[in-house]
Each structure stands twice: as structure tokens, then as C-alpha cells.
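Here is how the chains run, residue by residue.
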Amino acid sequence: MTADRYEIHELMIARIAEEMTAEGEHIVLMGSFTPLAYAAYMLGKLTHARDAWLAGYNAVGIGPVQLSFTGSEAAAYRSATSTASFNQNGWIFHLGTRGLLECVSSAQIGADGAINLSAIGDYDAPKVRLPGGAGAPEVVQNYRRMVAYFTRHDRRTLVEAVDFATGRRTPIGAAAREELGLCPGAVLIVTPLAVLRKDEDEQPFELESVHPGVDVETVVENTGFELAVPDDVPVTGEPSARQVELLRERIDPFQTARFDFLTGEERLGYLEDLLAREWDRAEALVEQAAAR
Amino acid sequence: MTADRYEIHELMIARIAEEMTAEGEHIVLMGSFTPLAYAAYMLGKLTHARDAWLAGYNAVGIGPVQLSFTGSEAAAYRSATSTASFNQNGWIFHLGTRGLLECVSSAQIGADGAINLSAIGDYDAPKVRLPGGAGAPEVVQNYRRMVAYFTRHDRRTLVEAVDFATGRRTPIGAAAREELGLCPGAVLIVTPLAVLRKDEDEQPFELESVHPGVDVETVVENTGFELAVPDDVPVTGEPSARQVELLRERIDPFQTARFDFLTGEERLGYLEDLLAREWDRAEALVEQAAAR
Amino acid sequence: MEDLPGLIPEGSTVVLGGGWFANHPMAAVRELIRAGRDDLHAIALLGSIDVDLLVGARALRHLTFSMVTLEAFGLATNFRRAVQSGELPITEISALSLQVALEAGAHRVPFLPLRGPVGSDLVAMHPDFYGTASTSLGDADVPVVKAVRPDVALLHATRCDALGNVQHEGTYAMDPELARASDRVIVTCEEIVPTEAVAADASLTRIPGLLVDAVIEAPFGAHPCSHVPRYAQDAWKLLDYQKAALAGGDAYDALLDRIRGEDEESYRERMLGDGRGRVLEALVEAAVVIDEEAA
Amino acid sequence: MEDLPGLIPEGSTVVLGGGWFANHPMAAVRELIRAGRDDLHAIALLGSIDVDLLVGARALRHLTFSMVTLEAFGLATNFRRAVQSGELPITEISALSLQVALEAGAHRVPFLPLRGPVGSDLVAMHPDFYGTASTSLGDADVPVVKAVRPDVALLHATRCDALGNVQHEGTYAMDPELARASDRVIVTCEEIVPTEAVAADASLTRIPGLLVDAVIEAPFGAHPCSHVPRYAQDAWKLLDYQKAALAGGDAYDALLDRIRGEDEESYRERMLGDGRGRVLEALVEAAVVIDEEAA
């Protein structure tokens with residue numbers, strides 16, 4: 001049953017969660033701060049991918065954790081069935097052949113699927129120095145599935161060529177990947193307007209689906225690189241009522257996944273609000289303990 | 001105070017224990033079955049090298065353990081301050097630069113310090129197939145000190161050239177070793193007759209000391225390779241009364257370190273005796289528990 | 001604690017433990033700022049306020065990193081400014097490659113092979129770090145990274161004993177590998193305990209004492225970062241920090257002056273007095289694992 | 001338990017967990033003998049009765065090892081005879097190099113560098129395993145070993161859960177790396193427990209369940225080897241074994257026939273009945289750590 005009302009980030013989460021499968025030997029790791037992706041992992045784990053393996057920080061085999069700025073880490077350890085150093089996890093999951101799904105959110109993505117997390121403008125004299133890619137350069141290369149998600153779909157984000165390729169999945173074609181011993185899997189882009197995918201190195205990104213109410217023209221106009229548009233473009237599936245309920249009540253009651261959709265000015269205020277609720281919850285616990 | 005009475009293995013243990021120092025960043029590991037060496041490690045740890053680091057099995061930072069066939073492993077874990085897989089210990093201690101003292105007991109040792117733990121006779125059609133060297137090939141190369149000990153000193157054991165070099169410390173000279181980033185340190189041979197040492201690749205083993213009552217001629221006659229004999233050969237220091245007491249009462253009450261001095265025929269009977277005492281101790285515990 | 005900076009020789013390359021907002025050695029970072037250091041080459045795997053504070057206090061002459069970010073609070077303001085202005089020379093290395101390079105340092109080998117970031121522009125940019133190997137076994141063009149051996153590792157842990165054994169109950173990131181790779185290892189910890197307490201749960205010991213040169217007791221030593229399961233990140237003080245950094249000028253100078261004018265005990269009183277510390281502890285308890293059966 | 005041999009394809013390369021007399025997967029070894037296997041390539045890091053029994057039962061077509069010995073009980077009789085007669089083809093590799101080669105397999109890289117056994121005759125004997133590498137970073141002639149990726153890892157543990165998480169309380173040798181290196185991982189354990197029991201002490205989990213293909217409950221599954229802290233090695237039964245092996249002929253055939261004619265439950269009754277198991281457990285308790293203060 002489709003939800004009567006949902007927000008766009010909930011649709012994106014549900015679409016990304018489709019990529020979560022319960023393939024036994026693969027794992028999904030919570031790495032650098034990407035709350036929308038985390039919500040998708042948890043949603044998959046609570047619905048169609050109950051046997052999926054999750055990890056975060058040094059905790060491996062964790063349960064689905066409620067997202068919060070101050071609680072996700074603690075919940076990960078409380079539910080973990082094992083722990084391992086970043087290096088051990090790096091070898092086995094990130095650099096091995098056992099990574100299932102990696103979501104990245106970069107400043108730019110290019111026609112070739114390259115992502116820029118380093119610098120806008122000249123690398124050596126940047127207009128904006130970005131945070132850097134953490135493990136994304138290796139991870140987009142070695143995981144089974146790569147999803148780049150963006151909270152805006154425009155020609156400044158989806159560009160012909162990125163200013164700097166912090167990471168690039170190469171090759172992309174399944175046959176070429178398998179020949180090199182790499183896991184096959186397309187590059188997926190999920191935005192507030194549409195889902196794009198690239199299956200072959202020599203072919204452009206294809207428009208996989210447009211979200212309800214979005215017309216194809218809008219997507220093409222706002223994409224800075226050539227887009228293959230099939231004759232019949234499907235509409236992205238909407239989240240179910242149950243998915244939306246799980247997201248709002250269980251997975252992300254503090255709405256951390258909405259965060260990236262705010263403008264810079266809105267953010268700090270939203271954050272203060274959200275943190276006030278986390279604080280109240282903790283303070284209530286302290287008061288309860290004092291009362292006992 | 002020198003002990004009034006001691007057995008030859010106790011003298012050998014005390015001499016090997018001298019090589020135990022408490023150098024902070026170095027460690028001594030109990031690996032393959034060499035009870036005489038273990039006794040030396042424990043003796044050092046209980047006397048002049050109290051700060052020494054010991055490890056055994058996956059247990060690191062262990063206390064001095066009483067030697068027994070069935071108890072050393074359990075005692076190692078009970079006293080451990082950390083654990084690590086063989087690979088982690090391999091990298092950090094064996095293959096790193098932190099191994100202090102490695103004792104080996106091989107079938108043969110050559111004039112060049114090579115040890116044979118693989119085969120007597122032709123390797124491909126051996127007269128006696130030996131156990132193999134475990135980690136000795138890497139360890140004799142990378143540790144600070146290498147001691148080869150033998151329970152007999154004869155020309156079949158100390159040979160001009162080994163039938164097969166399972167391992168060989170190379171180079172031996174301190175300057176050449178340091179140039180390669182290897183820990184400096186001589187090759188020492190400790191036998192029931194004497195202590196031999198080799199400090200330079202191009203120089204033969206030198207007679208460092210003879211044990212009390214052994215004449216130099218006997219050592220030379222029973223050594224299968226050229227031996228440099230100084231004008232004045234010192235006598236090996238005898239174990240102190242306290243050392244012998246520690247060995248007999250604390251470290252090795254079951255006398256496991258005597259074991260290698262027995263002939264093949266004597267061994268199984270000796271072992272049965274010794275094991276009967278270990279069994280009695282455990283059975284008494286079961287009976288005590290039942291009585292409670 | 002005041003002796004810590006003296007253990008770090010002039011010009012040292014210092015690698016910082018922890019990752020993201022978890023368990024950075026913040027008490028040690030503050031102490032370096034109090035000592036007026038301006039000579040350090042920091043290596044940060046997944047840096048946040050640790051790096052931004054060192055940059056803001058002009059303690060670094062170079063930074064090697066894979067990421068520096070204040071995540072939800074925004075870009076790392078001082079880091080961004082200093083790189084954009086050209087004031088801070090940087091070496092950007094992808095995280096897994098940096099991890100493997102430090103592991104190579106720990107293993108005392110000159111390089112390690114890995115399934116590397118072949119499509120990244122960082123590879124061509126750093127040919128002295130990202131290389132290829134061929135072997136007598138028939139391998140050709142295998143991606144490798146060059147070993148990194150820091151002078152000093154600066155780590156924070158849950159508890160240590162006098163022998164230097166180090167236990168983390170929660171996030172330990174790659175602290176064990178940093179300890180193995182570095183010539184000198186300095187560990188601050190929530191508490192120093194008797195060795196018997198360490199031996200009682202030896203599987204929690206992440207670093208054996210023989211690798212450790214100094215242990216220093218520093219309660220709340222990761223604050224405002226988290227030290228789970230003891231306390232959560234102090235998101236409120238992180239927000240205050242970011243506001244001061246964004247304001248810059250006098251506001252940020254005042255922040256630095258307060259740190260320089262107090263010791264760690266005064267810092268704890270200022271930051272965690274009036275029961276705030278207990279709320280940070282309660283946040284750990286308040287964290288929710290979703291009941292899969294009920295969901 | 002009876003299904004275990006079916007999980008190991010014909011001709012598999014099988015790496016055995018444990019080391020010396022500690023924690024070899026002996027119940028699994030016996031089950032392979034019961035199934036009449038004669039097709040296996042065993043890899044034994046530090047083998048003892050596990051290898052000698054497989055060789056004595058003619059289960060192996062090849063053996064890769066660094067050491068096989070019955071230690072105090074003498075040379076491994078069947079191993080020695082089979083190699084001396086030329087019946088058993090072997091590949092002898094030094095232990096640290098074999099460990100590193102398996103780690104290379106685990107890391108999915110073709111080789112790893114290490115400070116190798118350069119003086120050993122084994123190096124020249126196996127140029128397809130011990131190699132050298134040069135790199136674009138300027139390294140030349142760095143010793144390396146070729147990756148080893150076994151088909152199957154056969155391990156014994158203290159407890160597992162249904163998700164395949166594996167905990168060892170005592171000796172785990174390099175079982176974690178064997179699990180990572182091998183395509184299929186089969187673990188016997190003293191007991192299968194609920195996942196909550198595993199999560200209660202997650203730092204004891206040596207192998208995460210996603211690497212594990214099958215877990216099988218096998219109490220005393222390491223016997224006559226040790227599984228500390230549950231039970232010590234059964235030196236008395238090891239001595240019986242060696243006497244039969246030394247006698248050879250009918251005596252050793254009778255030993256094999258007894259194993260083949262029973263299941264693991266009968267084996268436990270025969271070996272550990274009448275309270276013998278409790279004594280093996282008491283031996284762990286009887287072990288002595290020397291009091292350094294008193295000594």
C-alpha cells in the first residue's frame with residue numbers, strides 16, 4: 001500500500017533500500033556521515049533484507065539502529081556481534097569482495113561516474129576546499145553496488161566532467177569488471193527528481209525512472225551531461241505506508257535524513273531543534289536515575 | 001651463591017636465561033615445544049628480567065607459567081593481558097623488529113649457523129623426515145638473539161654443512177645486519193659441554209666457555225666444524241642455589257626440561273610417570289569439587 | 001598531562017587516533033595547543049574537530065589526511081580556510097590506502113599491495129605514494145602504497161595499566177595499527193587501572209603494553225568527541241565550536257584563549273560541570289537498537 | 001556432524017585450524033576418515049595428530065605444511081613414514097611465510113611482502129611461492145610470498161550462533177585469517193548458543209558470521225587436543241595414539257577401525273566416559289601461574 005503522504009527524501013530512501021539485498025557474504029557499512037543512506041540500510045534490514053549484514057565504526061553484525069546524532073554509535077556497539085579494527089574491516093569488506101552497497105554524496109558527479117569530494121575549482125588553489133573522500137575512492141571501485149545520491153539535481157552537481165576525480169569506478173561494464181576480479185554492478189544516481197544508471201563505460205547514463213510528478217524534460221534540462229532517455233520512462237515507485245511509518249517512528253524519529261535538504265542557513269537552526277530533543281531524552285534518563 | 005648440586009640442563013637453562021633482558025620493546029614467545037628454552041624464559045622473568053614481555057599461543061603479556069604438558073597453555077591465558085592472532089603476532093614480533101630471544105633445537109647446525117629441521121639425508125628421499133621448522137626460518141633471521149641448544153654435543157649434530165638449511169641467519173655480522181635494518185646479535189650454541197658463538201660471517205664459531213669439568217679438547221673433538229679457541233677459555237658460570245630452587249620448585253616441578261636428554265626408549269616411560277603426576281593433581285581437584 | 005607535549009619532538013609527524021566524531025585524542029590536542037606548538041605534521045585518517053582545532057591554533061606545518069569534516073555542522077572551517085589560502089600544505093590520500101600504508105609501516109615492509117583506487121586523480125597526483133609492483137611470481141602492475149611510519153601516535157582509550165596495556169570498549173578505529181606503525185606511542189585514557197583489571201578481560205586489550213611509551217589519565221579526554229560506551233559526542237559544544245569558527249576573528253581567538261588559559265581539569269569543569277557530563281553518559285543509554293521482531 | 005564431509009568437494013584443498021596440540025578440528029578430521037576420504041590436499045600450519053591421523057588413514061593426496069610433530073611423544077610416525085617412502089607428496093613452507101601467504105589470500109591480493117627467511121633452502125626450492133618484487137616507488141628485490149586461497153577452512157571454536165559468528169575463548173591460532181582466506185568455512189564448536197550470548201561479549205568473536213558457511217555442534221571436538229579454557233590436551237590418549245602409530249600394522253588399523261565404526265557421540269563415551277572429561281577440565285584449573293611476588 002503506497003503511503004498517502006511522503007516526503008521526497010523518503011522516496012529516495014525507499015529506492016536506495018531496494019539495492020539492499022541479503023546476499024549472505026556481503027555487508028553494508030556505515031562510514032562517513034550520510035544519514036539518508038543509513039536510513040535506507042536500516043529500512044532494508046527491517047523489511048526485505050532481514051538477513052543483511054550491517055557494520056558501523058568498529059562494530060560488525062549490528063542490528064538496525066535508530067538514527068540520531070548522539071546515539072547511533074552507542075546503538076551500534078550495543079547490538080554488535082563482533083568488533084574489528086578499521087584495517088581488518090578494510091581488507092575484508094572494503095578492499096575485499098564482500099562490500100554490497102556503498103552510497104556516496106559528493107559535490108559533483110561526472111558523465112563518467114567520477115565523484116568529486118576534494119575541491120571546487122583548481123585543486124591547488126580551490127574555490128571551495130571540500131572534506132576529501134575518506135574511503136570512497138577504493139570503495140566505489142570495489143563494492144558490488146555504487147549509489148551516488150544528491151539532495152539537488154542541477155547542472156552544477158551533475159556535470160560533464162568533475163573538477164577533480166576523488167574517486168571513479170572503472171571500469172563500469174560488468175564483463176570488464178569480472179575479468180579484473182571486481183564485483184559487477186552499475187553506477188546509480190538517485191536525486192530528488194529521478195534515478196539515473198550507467199551500465200557500460202562507453203554508454204551515457206540512462207534515465208531509469210522519474211519520480212512522480214516530475215517530467216522527463218526537467219530532468220534532462222537539469223543534468224549537465226548527456227542522458228539516454230528511453231521512449232517510455234517509468235515512474236519511480238513510491239514508498240509504502242509501512243516504509244514511511246518505519247522511517248518516521250522507528251528508524252529516524254529525529255529526521256536526521258532531512259538534514260541534507262536544508263540550505264546552509266536553515267541547517268544550524270534545524271540542528272539546534274533536533275539536538276534539543278535528543279538532550280531532553282537523555283536528561284529525562286538522568287532525572288529518572290536520580291529519582292530512584 | 002652457586003648451587004651445591006645441579007644437573008647439566010639446569011646449567012644450560014641458567015646460561016640461556018642470561019640472554020633474557022628486559023628491553024622494553026622486545027618480547028619472547030613460547031612457540032614450538034622447547035621446554036628447556038621455556039624454563040630459561042621463566043627463570044629470566046623471575047630473576048633479572050622481571051619487566052620482560054612473554055607470550056605464548058594467542059596470549060600476550062603473560063606471567064611466568066609453571067611448565068607442564070597439560071597446563072602451560074591454560075596458565076598462559078589465565079595470566080595474559082591481551083590476545084592476538086598468530087598473524088598479528090607474526091607481523092609485530094616475529095617479522096617485525098621486536099623479537100628478543102629465539103631458542104631453537106634442531107637436528108643439525110652447520111659451521112655457518114644454518115639449522116636443519118627438515119630432513120636427514122637427501123631432502124627428496126630422506127633417511128629421516130624431520131618435523132619441519134615452523135617459524136624458525138623467519139625467526140632466526142629477524143630476532144635480536146638466536147640461541148641453538150642441543151642435548152648432545154657431537155659431530156653428527158654440530159656438522160660442517162647441514163643436509164638441508166631449513167633456516168639460516170644471514171648475515172650474522174652486526175654491521176651488515178644493521179645496514180639491512182635487521183636487529184644485530186650473534187648466533188649462540190649451548191650444549192651439554194660448552195657455549196659457542198659466532199659474531200661474524202667470515203669467522204668460525206668461537207668457544208665462548210666450557211662447562212665445569214669439561215676440557216677444551218673434548219669440545220673440539222666433538223665439534224664437526226672448525227672452532228676458534230682463545231688462549232684462555234672461561235668456564236661457564238654455574239647456576240645459583242636460588243636459580244636451581246626456582247627451577248625445581250616453581251618453574252618446572254614436573255621436570256619437563258630434562259625430557260630431551262633422554263634416549264628414545266627412556267622417553268615414553270618417563271613421560272608416563274610425569275603424566276601420572278599431572279593426572280593425580282587434576283583428579284584431586286575433581287574429588288575436592290565433588291566433596292564440596 | 002602537562003608533560004605530554006614534551007614527549008613529542010620538534011617537527012614530529014603525529015598521527016591522531018579515532019575517526020569522525022568518535023574518540024579523537026582531544027585532551028592531548030588541547031595540551032599541544034597550550035604548549036604553543038607550531039611545528040607538527042599531522043596525519044588524520046578521518047579528521048574532524050581534532051584537525052580543525054590544530055589548524056585554527058596554527059599548530060600544523062603540514063597535514064596528511066583522507067577527510068576532514070564537521071559533518072552535520074558543516075565543512076571544517078579552519079581547515080577549509082587554511083587550504084584555500086594556501087597557508088596549510090596538504091597531502092590528500094584516500095582512506096583505505098592510508099590505512100594500508102600505515103599497516104605497511106607497522107609490518108616493517110616498504111609497501112603493501114591492495115585493490116587500490118585506480119580511477120582516482122589522487123593516484124597520478126602522488127606517484128611517490130601510489131605505485132605499482134611486479135614480481136618474480138609473474139605479477140605485473142599490481143597497485144601498491146608506500147609504507148608510512150609516523151614519529152608519534154596520539155591515542156585515547158578507555159583504560160590503561162601501568163605496563164601500557166590499552167583497552168577500548170567502544171570505537172578504536174585503527175588505533176592498534178597506528179600504535180604498531182609509530183615509533184612512539186602516547187595514550188591518554190579515561191582511567192588508569194591495575195594490571196589485574198586489564199587481565200580480567202584480556203580480549204578488550206587493543207594494544208599490548210610493549211608498544212606503548214606513555215599512558216596519561218585524562219577523564220573525558222575525547223570530549224567533545226564521543227567515547228562510547230562512556231559518553232556520547234557533545235553535539236552542543238561541537239555546534240558552539242563551529243559557530244566560533246565560522247565567526248572567526250575575535251570569537252575564535254577567545255575560544256583558543258580559554259583553552260590556553262586553563263588546564264584539563266578546569267576544561268572539564270567549564271564544559272561538563274553542573275551535571276552536563278552525566279547527560280552525555282545518559283545519551284549512550286538513550287540510544288535505541290530497533291527491535292526487529294516488533295518492527 | 002555426519003553431513004560435514006559432504007560440504008567438502010572432491011579434491012579440495014583444506015586448511016586445518018589450531019596449532020601444535022591446541023584446538024585442531026579433530027572431530028571434523030575423524031568425520032573425514034569415517035567418510036573414507038582419500039582426495040584431500042591438506043594445509044597444516046603447525047600440525048600434530050590432526051595431520052598424522054589423516055596421513056595414517058590415507059586421506060591426503062598432498063600436504064602443505066611448516067611443521068608436523070607429536071612433540072614430546074616423538075616424530076609424527078605416519079607423516080614420517082609416508083614422506084620417507086615417497087607416498088605423500090609434500091610442500092614445506094616456513095610458518096610465517098605460510099601465514100602471510102594465507103593473509104594475502106584473505107586480502108584478495110596476489111602476494112604480500114615480508115621480512116622473509118632469506119637464508120633458508122626452502123626459498124630456492126619453491127620459486128613459485130617465494131619471490132621478489134620491485135616497485136615504481138624504487139623498491140627492488142623485496143621478498144614476497146604468493147597468495148594461498150584454500151577451498152575450505154576446517155576450524156573448531158568454543159561457541160557459535162546460528163548466524164555463524166564464531167567465538168574462541170582460548171587458542172585461536174590463525175583461525176580468523178584462515179576463515180578470511182578460504183572460499184568455504186566450516187566450524188565445529190563446543191556449543192551453539194543464541195545470538196544474544198554472542199553479542200554479550202562481542203570482543204570474543206574471532207570470526208564474523210558472514211564469513212562462515214556451516215556451524216556444527218561438536219562437544220570435545222578438539223579432543224585429544226586441547227580446547228582451553230574448557231579442557232586440556234589429553235596427553236594420555238595422545239600417548240596411546242603414538243604407541244599404536246609406532247606399532248603400525250594391525251595396532252594402527254584397529255585404531256582406525258574403532259574410529260570408523262563409531263560416531264562422535266560414541267567416540268566421546270569411549271574416550272571421556274567415567275569422568276575422564278572432568279579430569280581434562282580440571283587440568284585447566286590445575287595449571288599454575290607462578291606468583292612473581294612470592295617467587
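Residues numbered from 1 in each chain as written. Chains lettered and ligands numbered in written order. Predicted model: local features only at pLDDT ≥ 70, side-chain atom pairs only at ≥ 80, totals over all residues. Heavy atoms only, no water.

## Observations regarding the interface of chain A and chain C
Reasoning step 1: Contact residues are listed per partner, giving 75 residues for chain A and 71 residues for chain C.
Reasoning step 2: Between chain A and chain C lies a buried interface of about 6,400 Å² when both sides are counted; carbon and sulfur atoms form 63% of it.
Reasoning step 3: Across the chain A-chain C interface, the total number found is three salt bridges.
Reasoning step 4: When the shortest N-O distance is used, the salt bridge between Asp 121 of chain C and Arg 168 of chain A registers 3.3 Å.
Reasoning step 5: Connecting chain A to chain C are 42 residue pairs in polar contact (both at pLDDT 80 or more).
Reasoning step 6: Put simply, the parts of the chain that give the side of chain A that touches chain C at least two residues each are helix H2 (35–46), helix H3 (72–79), helix H4 (86–94), strand S9 (125–129), helix H5 (136–142), helix H8 (241–251) and helix H9 (264–291) of chain A.
Reasoning step 7: With twelve residues, H9 of chain A is the single largest residue contributor to the side of chain A that touches chain C.
Reasoning step 8: Within the side of chain A that touches chain C, the residues separate by chemical class into 36 nonpolar, 25 polar and 14 charged. (Contact = heavy atoms within 4.5 Å. Buried area = accessible area lost by both parts, 1.4 Å probe. Salt bridge = Lys/Arg side-chain N within 4 Å of Asp/Glu carboxyl O. Polar contact = N/O pair within 3.5 Å; in protein donor to acceptor, adjacent residues only side chain to side chain. Helix = DSSP H or I, 4+ residues; strand = E, 2+ residues; numbered from the N terminus. Nonpolar A, V, L, I, M, F, W, Y, C, P; charged D, E, K, R; others polar.)

## Overview of the environment of Ala 291 of chain A
Residue and element names in this part refer to chain A.
Reasoning step 1: Within the fold, Ala 291 resides in helix H9.
Reasoning step 2: Residue classification places Ala 291 among the exposed residues on the basis of a relative accessible area of 67%.
Reasoning step 3: Placed 287 residues apart in sequence, Ala 291 and Asp 4 show a C-alpha to C-alpha distance of 43 Å. (Buried < 20%, exposed > 50% of the residue type's maximum accessible area, 1.4 Å probe, protein only.)

## Focus on a negative patch on the surface
Reasoning step 1: Together, Glu 2, Asp 3, Asp 263, Glu 265 and Glu 269 of chain C make up a negatively charged patch on the protein surface.
Reasoning step 2: With respect to the helices, strands and loops of the structure, Asp 263 of chain C is situated in the loop between helix H9 (249–260) and helix H10 (264–272). (Patch = residues over 30% accessible without salt bridge, like charges linked within 9 Å, V, L, I, M, F, W, Y side chains within 5 Å. Areas by Shrake-Rupley, 256 points an atom, 1.4 Å probe, with all protein chains shown as cover. Lys, Arg positive; Asp, Glu negative; His and termini not counted. Charge placed at Lys NZ, Arg CZ, Asp CG, Glu CD.)

## A short note on the pattern of salt bridges
Reasoning step 1: As enumerated under the stated definition, the model contains 46 salt bridges over all chains in all.
Reasoning step 2: One salt bridge connects Glu 7 of chain B with Arg 258 of chain B, and the closest N-O pair in it is separated by 3.4 Å. Taken together, the positions of Glu 7 of chain B in the segment before helix H1 (8–17) and Arg 258 of chain B in the loop between helix H8 (241–251) and helix H9 (264–291) put the pair 251 residues apart, joining distant regions of the chain.
Reasoning step 3: Since its relative accessible area comes to 27%, Arg 258 of chain B is described here as partly exposed.
Reasoning step 4: Between Arg 230 of chain D and Glu 191 of chain D there is a salt bridge, with its nearest N and O atoms 2.8 Å apart. Highlighted residues: Arg 230 of chain D in the loop between strand S12 (214–217) and helix H8 (235–247) and Glu 191 of chain D in strand S10 (residues 184–192), separated in sequence by 39 residues.
Reasoning step 5: Each of Arg 15, Glu 18, Glu 19, Arg 145, Arg 197, Asp 199 and Glu 208 of chain A takes part in salt bridges that share partners, so that together they form one network.

## Points about helix H4 (residues 86–94) of chain B
Reasoning step 1: A large share of H4 of chain B lies buried, amounting to eight of its nine residues.
Reasoning step 2: Considered for burial, the residues of H4 of chain B that qualify are Phe 86, Asn 87, Asn 89, Gly 90, Trp 91, Ile 92, Phe 93 and His 94 of chain B.

## Considerations on the nonpolar core
Reasoning step 1: Formed by 121 residues in total, the largest nonpolar core has its most connected members in Tyr 41 and Ile 251 of chain B together with Leu 53 and Leu 63 of chain D.
Reasoning step 2: With nine residues, the single largest contributor to this core is helix H2 (residues 35–46) of chain B.
Reasoning step 3: Sequence-distant contacts of Ile 251 of chain B, defined by excluding residues within four places in its chain, comprise Ala 39, Met 42, Leu 43, Leu 46, Val 65, Gln 66, Leu 67 and Leu 246 of chain B together with Ile 290 of chain D.
Reasoning step 4: Residues Ala 39, Ile 251 and Leu 274 of chain A together with Ala 76 of chain C belong to the second largest nonpolar core, which totals 120 residues. (Core = buried A, V, L, I, M, F, W, Y, C linked by side-chain atoms within 4.5 Å.)

## Concerning helix H1 (residues 8–17) of chain A
Reasoning step 1: Judged by how many residues are buried, H1 of chain A sits mostly within the fold: nine of ten residues are covered.
Reasoning step 2: Buried residues of H1 of chain A: His 9, Glu 10, Leu 11, Met 12, Ile 13, Ala 14, Arg 15, Ile 16 and Ala 17 of chain A, and no others.

## A look at the packing of aromatic side chains
Reasoning step 1: Counted by the stated rule, this structure contains 29 aromatic pairs over all chains.
Reasoning step 2: Both rings, one in Phe 21 of chain C and one in Phe 73 of chain C, keep their centres 5.7 Å apart while their planes meet at 75°; by these two values the pair is edge-to-face. Taken together, the residues Phe 21 of chain C in the loop between strand S1 (13–16) and helix H1 (26–34) and Phe 73 of chain C in the loop between strand S3 (60–68) and helix H3 (77–84) connect sequence positions 52 residues apart.
Reasoning step 3: On the basis of relative accessible area, Phe 21 of chain C is assigned to the buried category, the value being 4%.
Reasoning step 4: Look at Phe 129 of chain D and Tyr 130 of chain D: their rings are 4.9 Å apart centre to centre, the planes differ by 90°, and that puts the pair in the edge-to-face class. With respect to class, Phe 129 of chain D is no different from Tyr 130 of chain D; both count as buried.
Reasoning step 5: Here the aromatic cluster, defined as three or more aromatic residues joined through ring pairs, consists of Phe 33, Phe 69, Phe 259 and Tyr 270 of chain A.
Reasoning step 6: Taking NZ or CZ as reference, Arg 30 of chain C lies 3.6 Å from the ring centre of Tyr 267 of chain C, over its face. (Phe/Tyr/Trp six-rings, centres within 6.5 Å; stacked < 30°, edge-to-face > 60°. Lys NZ or Arg CZ within 6 Å of the ring centre and 35° of its normal.)

## What about the confidence of the model for chain C?
Fine structural detail should not be taken from predicted coordinates in areas where pLDDT scores are low.
Reasoning step 1: On average, residues of chain C score 97 in pLDDT, and 100% of them are at 70 or above.
Reasoning step 2: Across the assembled chains, the prediction reports ipTM 0.96 with pTM 0.97. (pLDDT = per-residue confidence, 0-100.)

## Some thoughts on the interface of chain D and chain A
Reasoning step 1: Contact with chain D, which involves 19 residues of that partner, is made by 18 residues of chain A.
Reasoning step 2: Interface area for chain D against chain A, summed over the two sides, is near 1,500 Å², with a carbon-plus-sulfur share of 61%.
Reasoning step 3: In terms of surface lost to chain A, no three residues of chain D exceed His 107, Arg 180 and Leu 210 of chain D, which account for 41% of the buried area on that side.
Reasoning step 4: Joining chain D to chain A, the criterion identifies zero salt bridges.
Reasoning step 5: Scanning the region where chain D abuts chain A turns up three residue pairs in polar contact (both at pLDDT 80 or more).
Reasoning step 6: At three residues, the largest contribution of residues to the side of chain D that touches chain A is made by helix H7 (residues 195–199) of chain D.
Reasoning step 7: Tallied by class, the residues present in the side of chain D that touches chain A amount to nine nonpolar, six polar and four charged.

## Here's the deal with the domain arrangement of chain C
All names here are of chain C.
Reasoning step 1: Assigned domains within chain C: domain 1 (1–110 + 147–295) and domain 2 (113–146).
Reasoning step 2: At the interface, twelve residues of domain 1 touch eight residues of domain 2.
Reasoning step 3: Summed over both partners, the interface of domain 1 with domain 2 buries about 800 Å², with 67% contributed by carbon and sulfur atoms.
Reasoning step 4: Of all residues in domain 1, Glu 92, Ile 93 and Ser 97 give up the largest surface area on contact with domain 2, accounting jointly for 45% of the area buried on that side.
Reasoning step 5: For the interface between domain 1 and domain 2, the tally reads zero salt bridges.
Reasoning step 6: Our count for the contact surface shared by domain 1 and domain 2 stands at two residue pairs in polar contact (both at pLDDT 80 or more).
Reasoning step 7: Where the side of domain 1 that touches domain 2 is concerned, the elements lending two or more residues are strand S4 (90–92) and helix H4 (95–107).
Reasoning step 8: Top contributing element to the side of domain 1 that touches domain 2 by residue count: H4, with five residues. (Domains from an automatic or database assignment.)

## Thoughts on the packing of H3 of chain C against helix H8 (residues 235–247) of chain C
Residue and element names in this part refer to chain C.
Reasoning step 1: Viewed as axis vectors pointing N to C, H3 and H8 meet at an angle of 30°, and their least axial separation amounts to 9 Å. When the interaxial angle is binned, H3 and H8 end up roughly parallel. Residue-level inspection shows Thr 77, Asn 78 and Arg 81 of H3 in contact with H8, the latter providing Tyr 241, Gln 242, Ala 245, Leu 246 and Ala 247. (Axes fitted to C-alpha atoms, helices over the stretch in contact; angles between N-to-C directions. Parallel < 35°, antiparallel > 145°, perpendicular 65-115°, else oblique.)

## Quick word on the sheet that holds strand S4 (residues 82–83) of chain B
Residues and elements named next belong to chain B.
Reasoning step 1: An order of S1-S2-S3-S4 is seen for the four strands of this open sheet, with the pairing classed as mixed. The open sheet has two free edges, formed respectively by strand S1 (27–30) and S4, since each of these has just one partner strand.
Reasoning step 2: Strand direction decides the pairing type here: S1 and strand S2 (residues 53–56), joined by four bridges, are parallel. Its bridge partner being in S2, Met 30 is matched across the sheet by Gly 56. (Pairing = 2+ DSSP bridges.)

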